[in-house]
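Given next are the chains, with one letter for each unit.
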Amino acid sequence: MQQMTSRRAFLSARFRQEDGLIARPPGAIVQSFAELCTKCGDCVEVCPEDVIAIGTDSFPQFQPVDEPCTFCGDCARACPTDALNIDRLTEWPWRAALKPESCLSMNGVSCRICQDNCERDAIRFTLLTGGRSEPGLDASLCNGCGLCPSLCPADAIALERQPEPEMEALQ
Ligand code: SF4
Ligand code: SF4
Ligand code: SF4
């Protein structure tokens, strides 16, 4: 348990934007989340993939560790207020964002962890000279499950909030 908590703390920066915006559970209302969430923790308790945790701000945060969100909706259904709502589940705006310069493969070290674990086949590599290869993301395939940011050993992937997410990618 302690090990999981430390890992979560280590990874937490991958689930927030540089401007500080934090990924909340699927179905979260954006503007008034902190006003509507009572910090009851019900969403954390019901998540079968254990991808929600109480953050340092005492509110639930989306923080996958080694498992993806399946968008089952259990968290939104369990929420007693409108902080999370099942009707907003398909509005999930977060998607993987690559930082290729940090990728091990870009630096000549063989790694395909992100590609090998993406069930949606959203990450492909382009061979470069010198035994290097560059990862690329097909944003139309990524559903923002959060798995690859948690697995990358080089901090080369984060989740970023998209202004106009590709809703159909969740289907
Ligand atoms: S949608 Fe399901 S898997 Fe995803 S955070 Fe909510 S309860 Fe967990
Ligand atoms: S898991 Fe990270 S380091 Fe490995 S190939 Fe993917 S982006 Fe590069
Ligand atoms: S976040 Fe996107 S690219 Fe990463 S494993 Fe999930 S679907 Fe694939």
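Residues numbered from 1 in each chain as written. Chains lettered and ligands numbered in written order. Predicted model: local features only at pLDDT ≥ 70, side-chain atom pairs only at ≥ 80, totals over all residues. Heavy atoms only, no water.

**Some words on the site of ligand 1**
- As a matter of local geometry, ligand 1 sits amid 13 residues, with Cys47, Cys69, Cys72, Gly73 and Cys75 nearest to it.
- Across the shell around ligand 1, the residue classes break down as 9 nonpolar, 2 polar and 2 charged. (Near = heavy atom within 4 Å. Nonpolar A, V, L, I, M, F, W, Y, C, P; charged D, E, K, R; others polar.)

**Regarding the environment of Gln63**
- Of note, Gln63 is situated in the loop between strand 2 (60-62) and helix 4 (74-78).
- Residue Gln63 is classed as buried on the basis of its relative accessible area of 6%.
- In this structure the C-alpha to C-alpha distance between Gln63 and Gln115, which are 52 residues apart in sequence, comes to 20 Å.
- Within the structure, Gln63 has its side chain in polar contact with the side chain of Gln61 (distance 2.8 Å). (Helix = DSSP H or I, 4+ residues; strand = E, 2+ residues; numbered from the N terminus. Buried < 20%, exposed > 50% of the residue type's maximum accessible area, 1.4 Å probe, protein only. Polar contact = N/O pair within 3.5 Å; in protein donor to acceptor, adjacent residues only side chain to side chain.)

**Comments concerning the domain arrangement of the protein chain**
- Segmenting the protein chain into domains produces domain 1 (2-91) and domain 2 (96-163).
- Contact residues are listed per partner, giving 15 residues for domain 1 and 15 residues for domain 2.
- Roughly 1,200 Å² is buried in total at the junction of domain 1 and domain 2, and carbon and sulfur atoms are behind 57% of that figure.
- Counting every contact that joins domain 1 to domain 2 gives 1 salt bridge.
- Between Arg14 and Asp155 there is a salt bridge, and its shortest N-O distance comes to 3.1 Å.
- Linking domain 1 to domain 2 there are 8 residue pairs in polar contact (both at pLDDT 80 or more).
- By residue class, the composition of the side of domain 1 that touches domain 2 is 10 nonpolar, 1 polar and 4 charged. (Domains from an automatic or database assignment. Contact = heavy atoms within 4.5 Å. Buried area = accessible area lost by both parts, 1.4 Å probe. Salt bridge = Lys/Arg side-chain N within 4 Å of Asp/Glu carboxyl O.)

**Side note on the pairing of strand 5 (residues 133-137)**
- Relative to strand 5, strand 4 (residues 123-127) runs antiparallel, the two being bridged by 5 bridges. Of the residues in strand 5, the one forming a bridge with Ile123 is Leu137. (Pairing = 2+ DSSP bridges.)

**Points about the nonpolar core**
- Core analysis: the biggest nonpolar cluster contains 25 residues, and Phe15, Phe33, Cys43, Val51, Ile52, Phe62 and Leu84 have the highest contact counts within it.
- Leaving out residues up to four positions away in the same chain, Ile52 has contacts with Arg8, Pro25, Cys43, Val44, Cys47, Pro60, Gln61, Gln63 and Cys75.
- Ala96, Ala122, Ala156 and Ile157 belong to the second largest nonpolar core, which has 13 residues in total. (Core = buried A, V, L, I, M, F, W, Y, C linked by side-chain atoms within 4.5 Å.)

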